[in-house]
Each structure stands twice: as structure tokens, then as C-alpha cells.
Amino acid sequence: VQLQASGGGLVQAGGSLRLSCVGSGRTFSSYAMGWFRQAPGKEREFVTGIDWSGESTFYGDSVKGRFTISRDNAQSTVYLQMNSLKPEDTAVYYCAASQIIATYEEGYDYWGQGTLVTVSS
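Here we summarise the structure given alongside this text. Because the structure is a prediction, the values reported are computed rather than measured.

The next subject is the pattern of salt bridges. According to the stated counting rule, one finds five salt bridges in the structure shown. For the salt bridge of Glu 105 with Arg 44, the shortest nitrogen-to-oxygen distance reads 3.9 Å. With Glu 105 in the loop between strand S9 (91-98) and strand S10 (110-111) and Arg 44 in the loop between strand S4 (32-38) and strand S5 (45-50), this residue pair connects regions lying 61 residues apart in the sequence. Where Asp 89 meets Arg 66, a salt bridge forms, and the shortest distance between an N and an O atom there is 2.7 Å. Of the two residues, Asp 89 sits in the loop between strand S8 (77-82) and S9 while Arg 66 sits in the loop between strand S6 (57-59) and strand S7 (67-72), which places them 23 residues apart along the sequence. The pair formed by Asp 89 and Arg 66 is uniform in burial state, with each residue classed as buried. Shared partners join several salt bridges into a network, and the residues in it are Arg 37, Glu 45, Arg 66 and Asp 89.

Structure representation (C-alpha cells):
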């Protein structure tokens, strides 16, 4: 599956953004999906994931209560709603597809190209 992420941009602290990730191919609905991020000089970090049905979601500690993942299998799209953004949320955000539910990079088989989110203080 090919993934295309979009929706990044510049936002002030406390603001919101919604990222989208569109998948190609008929098998999108069979994959668990995740979002990772990588800040400058740091390792890639798990943000959130969702199972194939959308019924199960899981979040990294740093984003719990602020970010929400959802998916629309009819549109082959997964979303990341980001609220109460902080400067430390600044990073390139990547969507990824997995055949298992995973919170680690190695569990994901396909990756999008990344979209930059910058949060100003």
C-alpha cells in the first residue's frame, strides 16, 4: 500500500491541526495504521495507532488526551486530530501501515513521506 500524508503546517501553541493520510490500493482496510513523529535531532517516536476496524486505538504518553486518531476505510484515509499543541510537538509526522497492532517502527511495513508540523510558542 502507498501512503500520502498531508495537513502539516505552522500553528501557534494551543492551536489545532488535522493530519490526513490517504492509502492507495484495495487492502487499506485490512491494515492497522499508525502515526509516528521525528523531531530534529531525535529518534522517531510512536504517536498513536488504530486497528483495522477503528475500534481500538492507542496513544503515546506525550499525546494522550490531546491527539485523536480515526480512520475512514471507505475513503482509505486515517486522520490525526491534534489539539492543544505544544512547541515540543514540532516534528515531521509520518503515517504507517502494519499487518499487526504495534507501537514500534519495526512493526510497520509501509510508510508515508511525512508532513512537517511546526508549533510556535
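Further remarks concern unusual backbone geometry. Excluding glycine, residues mostly carry a negative phi; peptide bonds, for their part, are mostly trans. One non-glycine residue with positive phi stands out, namely Ser 76, at about 50°. Mapped onto the elements, Ser 76 comes out in the loop between S7 and S8.

It is worth spelling out the environment of Leu 3 at this point. Relative to the assigned elements, Leu 3 resides in strand S1 (residues 3-6). For Leu 3, a relative accessible area of 9% corresponds to the buried category. A C-alpha to C-alpha distance of 25 Å links Leu 3 and Ser 62, two positions 59 residues apart in sequence. The residues contacting Leu 3, other than those within four sequence positions of it, are Cys 21, Val 22, Gly 23, Met 33, Cys 95, Ala 96, Ala 97, Tyr 110, Trp 111, Gly 112 and Gln 113.

What counts as what
- Throughout this description, residue numbers start from 1 for each chain and increase along the sequence as written.
- Only residues with pLDDT of 70 or above have their local features reported here, since the model is predicted, and side-chain atom pairs are shown and tallied only from 80 upward, although totals for entire chains, interfaces and linings are computed over all residues.
- Think of the side-chain values as coming from all heavy atoms in the structure, minus any hydrogens and water.
- The working definition used for a salt bridge is a side-chain nitrogen of Lys or Arg within 4 Å of a carboxyl oxygen of Asp or Glu.
- Helical segments are the DSSP runs of H or I of at least four residues, strand segments are the runs of E of at least two, and each set is numbered from the N terminus.
- Exposure classes here rest on a 1.4 Å probe applied to the protein chains alone. A residue is buried below 20% of its type maximum, exposed above 50%, and partly exposed in between.
- Residue contacts are counted whenever heavy atoms from the two residues lie within 4.5 Å of one another.

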